[in-house]
Amino acid sequence: MEFFSKLFGAAARINPLDEARKIVDRFTTATIMGVDTEDIGRYPPKQRKVLAFHFGAIDYLAREQDLDETQTLALFVMFIDKYFNMPVTETGSISERLQGFRENEEEKRYLEAGIDVFRRWYEQDERRAPLQLGEMLKQS
C-alpha cells in the first residue's frame, strides 16, 4: 500500500505554479522562433511590447489554472528573470509596468494579442499561432 501511495501521491503534490511555468516556457520558446531577439534587446519599446504580449498569455493561463494574483505576478517575474536577464531589482515596479500594459494603447494591443495567441496555442493546438508576435513586431 505504501508503494501505491508514494507512486500516486506524487501527482497530487505537483505545484500549480511550477506547472504553469513549464507551460509558459514552452509558449515562450514557440514565440521566440519568429522574433529577432537582438532587436528586442536594443529597443526598450519593443521589450515592453514583448513583455505585454507574454503577460497577456501568463494572465490567461493563470486564470485557467486558478492561480491567485500573487502567483500570477510570481510567474511574470520568473518570466522576466529568465528571458530578459533582468534582476528583479531592475524590473521596476511590477504593478506600474502592468498598469502601463493596460493604459498604453500599443502595449494594450500586444497584451490582448498575447491572450488570443496563447488561447489558440493552448486550447486549439494552433502550433504556429505564437509566430504572430514576430509578425506584429515587424509591423511596428
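The present account deals with the structure reproduced in this document. (Residues numbered from 1 in each chain as written. Predicted model: local features only at pLDDT ≥ 70, side-chain atom pairs only at ≥ 80, totals over all residues. Heavy atoms only, no water.)

## Remarks on the packing of helix α2 (residues 16-32) against helix α7 (residues 105-123)
Where α2 contacts α7, the two axes come as close as 12 Å, and the packing angle between them is 110°. With respect to α7, the axis of α2 lies roughly perpendicular. For the pair α2 and α7, contact is made by Ile23, Arg26, Phe27 and Ala30 and by Val117, Phe118, Trp121 and Tyr122, respectively. Class assignment of the residues belonging to the contact of α2 with α7 gives a composition of seven nonpolar, no polar and one charged. (Axes fitted to C-alpha atoms, helices over the stretch in contact; angles between N-to-C directions. Helix = DSSP H or I, 4+ residues; strand = E, 2+ residues; numbered from the N terminus. Parallel < 35°, antiparallel > 145°, perpendicular 65-115°, else oblique. Contact = heavy atoms within 4.5 Å. Nonpolar A, V, L, I, M, F, W, Y, C, P; charged D, E, K, R; others polar.)

## Focus: unusual backbone geometry
The phi dihedral of Asp66 is positive, around 55°, even though this residue is not glycine. One can find Asp66 in the loop between α4 (44-64) and α5 (69-83). Since its relative accessible area comes to 69%, Asp66 is described here as exposed. The phi torsion at Asp125 lies on the positive side, around 60°, for a residue other than glycine. (Buried < 20%, exposed > 50% of the residue type's maximum accessible area, 1.4 Å probe, protein only.)

## Considerations on the pattern of salt bridges
One pass over the full model with this rule turns up 13 salt bridges. With a closest N to O distance of 3.2 Å, Asp25 and Lys82 form a salt bridge. Taken together, the residues Asp25 in helix α2 and Lys82 in helix α5 connect sequence positions 57 residues apart. For Arg120, the salt bridge is made with Asp116, and the minimal N-O distance between the two is 2.9 Å. (Salt bridge = Lys/Arg side-chain N within 4 Å of Asp/Glu carboxyl O.)

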